[in-house]
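Single-letter residue listing:
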Amino acid sequence: MLSDAELTLGLSRHLSAYAMSPAKAALEQLEFCGQVLDMAFRLRKSGTSTPERVNAIANEAGIGPRVLRDAMRTLEAVGWISVQRADDQKPLSVSEAIPAPAGLISKSNDLLRVAVLGGVEYAALSLLRATTLQPLTIGEAKDQALSGTDLVGRALNESDVDDAIRHLHTLALVRKVKTDDGTEVIFNPHIWTDEKKVALAALRSANAKGTEEVAALMEEVGAKPGMPESSVKSTSKKWIDFAVSQGLVHRSVIQTSTGQEQGFLFTPHLNRGPFGATSGDPSGQVRQLVGSMIYAATFAQYRLYNPGAFIQKLIDRGEAGNASPIGTDYPMLETAGIVRVIPGASSNRYRLELLQSDVAEDALSILSDRDGSGSDPNGAAALRAQRSYVHTDRERARLALSVEVDDVEQSRLISALRDEATRRAFKGR
C-alpha cells in the first residue's frame, strides 16, 4: 500500500498541470505538502546549499518564491533543514538533515500535521488510498473514507467525502463507471498491479482495434523500458496518446534548451504507482535519471557512448564529465538534486558530483540491459542541452488541462455571490 507521502507527492505533480479551479483549490494544502516533499527529495544529501541553488531547484520544480518561502519554513518546522540568516533575516545558506527516502516517507505525517489539512483533503487522501488498492462501489468507497479520521482524531463527514469524490473525479484522479447491473464503481484510472485481471479490465475500456494496438505497444515498450517514443514501431502516436491518457503506458518528457521535447515510455510492470511513481522510487528521480541518460545516448549532438558506464563511473568515482558549459548553467540533473557542479580537471572546466547514489544505482539496474550508443564517453556535452523534465504524472494530466466547473460548484459560487450582493445592498453599499 502506498504511503500518504507518495500519494501526496504524486497528487501535487498531477495538479501542477491544471489551471486554478474550484476542484484544485479545494486540494490546495495537499498540493502544497507534495511541493514540500518535492523540495525535500531534491535537497536530500546536498549538505549545505546557497539560496541561489535552492531557488534554481524550486524554479525547475515549478515552485514560485512565495510557495518556496512557505515550503522552506515547513521543512524547518519538521526539522529537515536549518537556514542560516543574516541580521536582516535574509537567508545565507541552507543545511539539510533530510532522512533517506524510507525515513522521509515514514515521517510524512509530521508534515501533514504542520500543513493542517481540511476535512475534504483528508477525505480525498483516504479515497486515493482506497482506490489505489482496488475498484470499489461508491458505497464501499464512502464507507472506507468515513471509517477513518484525520491526524488529530476527528471523524470525517459525508459532505466532505462527497465533495472529495467530485473534486477527484473532476481532476481525473478517480473515475466513475456503472456496471451492467447499474452499480456505480469508483477506481483510480492510473494504478497498475501485476494482476492480469487489472490489465485485461483496463484494455477492455478500448474498442477491439484499440486493444490490439495498445497490447502491441505494451509488448514493445516492455522489452525496452524508457524507450524513446519516436522509436515506437508497433503503433501510431494516436494510440500512444490513448495508452498514456488511460494509464496503460507511462510517458516522461525531457525538454531541451531549444524548445524540443522527446517522450520516453515505460510499462506498468516497472511502474505501479497511481501517479507514475516507480516502485521504490517515490520521488521519480530514478525515472528522471534514466530518461536523461537515454536522451543523451539517442538525441544529443554529441551522444553518450554508454549510459550505463557513465552512471557506473558516477557511482564508482563520485563524479564524471569535464566541460566548461556545465559551470554556467544549472543542468537538469542538478536542479533535480541528483548531482552538483564542481570544478573540473583544468581551468574553466567543471564536473558533475553525484549526490544521491541510491538513485544512480537504481537507474543503473534499469539501464544495464540496454545497448550503448553514441560517441562521447564523458557525456558532459550530451547532458548540457537538457534543461527541464516533465514527470509522468504531470505529462498525463497535461492531456486533460481543461477543467470545467461542475454543477454543484457552480451553484455554490452563484449562491455565494448573491449572498454577498444582498449583504452589500442592505448595508447601502
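Residues numbered from 1 in each chain as written. Predicted model: local features only at pLDDT ≥ 70, side-chain atom pairs only at ≥ 80, totals over all residues. Heavy atoms only, no water.

## Some remarks on the packing of helix H9 (residues 138-146) against helix H10 (residues 158-170)
Let me state the cut-off plainly: Note on geometry: axes are lines fitted to C-alpha atoms, helical ones only across the stretch in contact, with angles between N-to-C directions running from 0 to 180 degrees. Put simply, DSSP H or I for four residues or longer makes a helix, DSSP E for two residues or longer makes a strand, and each gets a number counted from the N terminus. Just so you know how the angles are binned, under 35 degrees is roughly parallel, over 145 roughly antiparallel, 65 to 115 roughly perpendicular, and the rest oblique. For any helix crossing, the convention is left-handed if the near helix is rotated counterclockwise from the far helix by under a right angle, and right-handed if that rotation is clockwise. Any two residues whose heavy atoms approach within 4.5 Å at even a single point are treated as in contact. We call Asp, Glu, Lys and Arg charged. Ala, Val, Leu, Ile, Met, Phe, Trp, Tyr, Cys and Pro are nonpolar, and the rest, Gly among them, are polar.
For the pair H9 and H10, interaxial distance at closest approach is 10 Å and the crossing angle is 125°. For the element pair H9 / H10, the angle class is oblique. As for the relative orientation of H9 and H10, their crossing is right-handed in sense. Contacts between H9 and H10 pair Lys142, Ala145 and Leu146 from the former with Glu158, Val161, Asp162 and Ile165 from the latter. Tallied by class, residues from the contact of H9 with H10 come to four nonpolar, no polar and three charged.

## Some details on the pattern of salt bridges
Applied cut-off: The working definition used for a salt bridge is a side-chain nitrogen of Lys or Arg within 4 Å of a carboxyl oxygen of Asp or Glu. Residue burial is assigned from relative accessible area. The probe radius is 1.4 Å, only protein chains are included, and a residue is buried under 20% of its type maximum, exposed over 50%, and partly exposed in between.
Evaluation of the coordinates by the stated rule reveals 17 salt bridges. With its nearest N and O atoms 2.7 Å apart, the salt bridge here joins Asp4 to Arg129. Of this pair, Asp4 sits in helix H1 (residues 4-15) while Arg129 sits in helix H8 (residues 119-133), and the two are 125 residues apart along the sequence. The salt bridge partner of Arg13 is Asp38, with a shortest N-O separation of 3.0 Å. Of this pair, Arg13 sits in helix H1 while Asp38 sits in helix H3 (residues 28-43), and the two are 25 residues apart along the sequence. For Asp38, a relative accessible area of 6% corresponds to the buried category. A network of salt bridges, in which partner residues are shared, links Arg13, Asp38, Arg42 and Glu60.

## Here we look at helix H4 (residues 51-60)
With seven of 10 residues buried, H4 lies mostly within the body of the structure. Those residues of H4 that fall on the buried side of the exposure criterion are Pro51, Arg53, Val54, Ala56, Ile57, Ala58 and Glu60. Positive backbone phi, approximately 80°, marks Gly62, located one or two places after H4.

## Some words on the environment of Pro282
The residue Pro282 is located in the loop between strand E9 (261-266) and helix H14 (285-298) in this model. On the basis of relative accessible area, Pro282 is assigned to the buried category, the value being 10%. Distance from Pro282 to Ile105, taken between C-alpha atoms, is 8.7 Å for residues 177 residues apart in sequence.

## A look at H14
What sets the pattern is the α-helix's 3.6 residues per turn: residues three or four places apart point alike. Selection rule: A helix is expected to span 1.5 Å multiplied by its residue count minus one.
The terminal C-alpha atoms of H14, which comprises 14 residues, lie 20 Å apart, in line with the 20 Å expected from a rise of 1.5 Å per residue. Most of H14 is tucked away, with 13 of its 14 residues classed as buried.

## Brief notes about the sheet that holds strand E3 (residues 91-96)
What counts is decided by this rule: Here, a strand pair is defined by DSSP locating no fewer than two bridges between the strands.
Reading across the sheet, the three strands line up as E1-E3-E2 and stay open at both edges, with antiparallel pairing between neighbours. Single-partner strands in this sheet number two, and they are strand E1 (48-49) and strand E2 (81-85). Bridge count between E1 and E3: two bridges; the pairing is antiparallel. For Thr48, the partnering residue across the bridge sits in E3 and is Ser95. The strands that H4 touches are E1 and E3; relative to E3, the one it contacts most, it runs at about 70°.

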